[in-house]
Amino acid sequence: MAPEQQSSGEELGRFLRARRTQTSPQSAGLTPGPGLRRTPGLRREELATLAGVSIDYYTRLERGKETRPSPAVVDALARALRLDDAEHLHLRELAVRAARYLPQPAPVPSRTVRPQVRLLLETVRPNPAYVASRSMDVLAHNPGGLALYAGMTDWPAARRNIARYLFLHPVAREVFPDRANQIRGCVARLRALAGTDPDAPDLTQLVGELLLKSPDFAGLWERYEVTGRRHTTKTFHHPQVGTITLDFQGMALEGTPGHRMGIYTAEPGTPDHDAMLLLDMTAPDTRPSRSSEQTR
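First things first, this report covers the structure right here in the doc. (Residues numbered from 1 in each chain as written. Predicted model: local features only at pLDDT ≥ 70, side-chain atom pairs only at ≥ 80, totals over all residues. Heavy atoms only, no water.)

1. Considerations on the nonpolar core
Next, step 1: With 44 residues, the main nonpolar core has Y149, Y165, F167 and L190 as its most contacted residues.
Next, step 2: When near neighbours in sequence (up to four residues on either side) are disregarded, Y149 contacts Y130, I162, Y165, F176, K234, F236 and Y264.
Next, step 3: Core analysis: the next-biggest nonpolar cluster, separate from the first, contains 26 residues, A18, V73, L81 and V226 among them. (Core = buried A, V, L, I, M, F, W, Y, C linked by side-chain atoms within 4.5 Å. Buried < 20%, exposed > 50% of the residue type's maximum accessible area, 1.4 Å probe, protein only. Contact = heavy atoms within 4.5 Å.)

2. Here we look at the side chain of H273
Next, step 1: Considering the arrangement of structural elements, one finds H273 in helix α13 (residues 271–282).
Next, step 2: Ignoring anything within four residues of it in the chain, the contact list for H273 reads A266, E267 and P268. (Helix = DSSP H or I, 4+ residues; strand = E, 2+ residues; numbered from the N terminus.)

3. Focus: unusual backbone geometry
Next, step 1: In this model, R125 is joined to P126 through a cis peptide bond whose omega is 15°.
Next, step 2: Examined against the element boundaries, P126 turns out to sit in the loop between α6 (115–123) and β1 (129–132).
Next, step 3: Unlike most non-glycine residues, M136 shows phi in positive territory, near 75°.
Next, step 4: Its place among the elements puts M136 in the loop between β1 and β2 (138–141).

4. A short note on the packing of helix α11 (residues 201–213) against helix α12 (residues 215–223)
Next, step 1: Direction vectors running N to C along α11 and α12 enclose 115°, while the axes themselves pass 5 Å from each other. Here the hand of the crossing between α11 and α12 comes out left-handed. Here V207, L210, L211 and K213 of α11 come into contact with α12, specifically with P215, F217, A218 and W221. (Axes fitted to C-alpha atoms, helices over the stretch in contact; angles between N-to-C directions. Left-handed = near helix turned anticlockwise from the far one by under 90°.)

What follows is the structure in structure tokens.
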């Protein structure tokens with residue numbers, strides 16, 4: 001088996017194993033027998049039975065030895081594990097990737113942000129906004145878009161990454177009152193990307209750093225949760241403008257290697273909108289000049 005194909009099959013097995021060990025027999029519609037269960041979650045034979053496959057076949061799937069499950073088997077496993085839509089889609093993507101051989105890893109995606117996109121960031125002021133790469137590097141921003149993440153300006157531009165900020169910046173623990181939910185969603189999005197492109201250099205370096213430096217990240221990474229993106233509301237305990245609650249909307253940017261724009265909004269006339277205006281007026285402008293950006 002080719003190395004890339006083997007690693008793809010192993011990633012499929014990791015996801016199945018993580019979901020199996022976190023699925024209780026009761027939630028899967030089984031009645032546990034008497035006595036202590038040494039295995040957390042479902043046993044392999046229980047999941048195989050629920051999905052209608054042999055124990056040997058499922059074991060090969062989980063160990064990365066079987067790399068071509070049919071769509072029917074993938075869907076049966078998803079039903080047995082009670083996967084939600086995002087998890088089901090992720091399982092399908094892992095199965096497709098495991099079945100094909102990619103001879104070379106993908107190159108590092110471009111970090112270039114088009115001038116028109118930078119103009120859009122300026123146009124939406126005073127709403128805080130930024131452009132992030134698929135691995136959450138902050139590639140461009142308006143003043144409020146960076147200042148909202150208090151303390152991120154302490155880092156050089158190359159290290160400004162939302163995941164790195166959430167897990168490694170000391171101020172982040174004070175900024176987010178619901179940090180537990182923030183970091184869980186952050187890891188779930190990175191896990192989804194890593195599952196379908198595990199050798200991506202822009203991702204492996206970030207994940208390696210966070211696994212080494214953050215026990216919180218390592219614990220969540222091991223759980224192998226994946227999630228889709230959704231509209232949300234975020235609250236910040238900001239040292240300059242106080243507590244501020246903003247709606248957040250992310251959107252994919254066409255013609256880019258996975259870049260997304262994130263924009264925060266508040267209803268005009270509310271205290272949150274006033275705080276947003278104050279942040280935009282007082283935030284230092286740390287954006288690079290055009291000439292320095294062209295040399296990056």
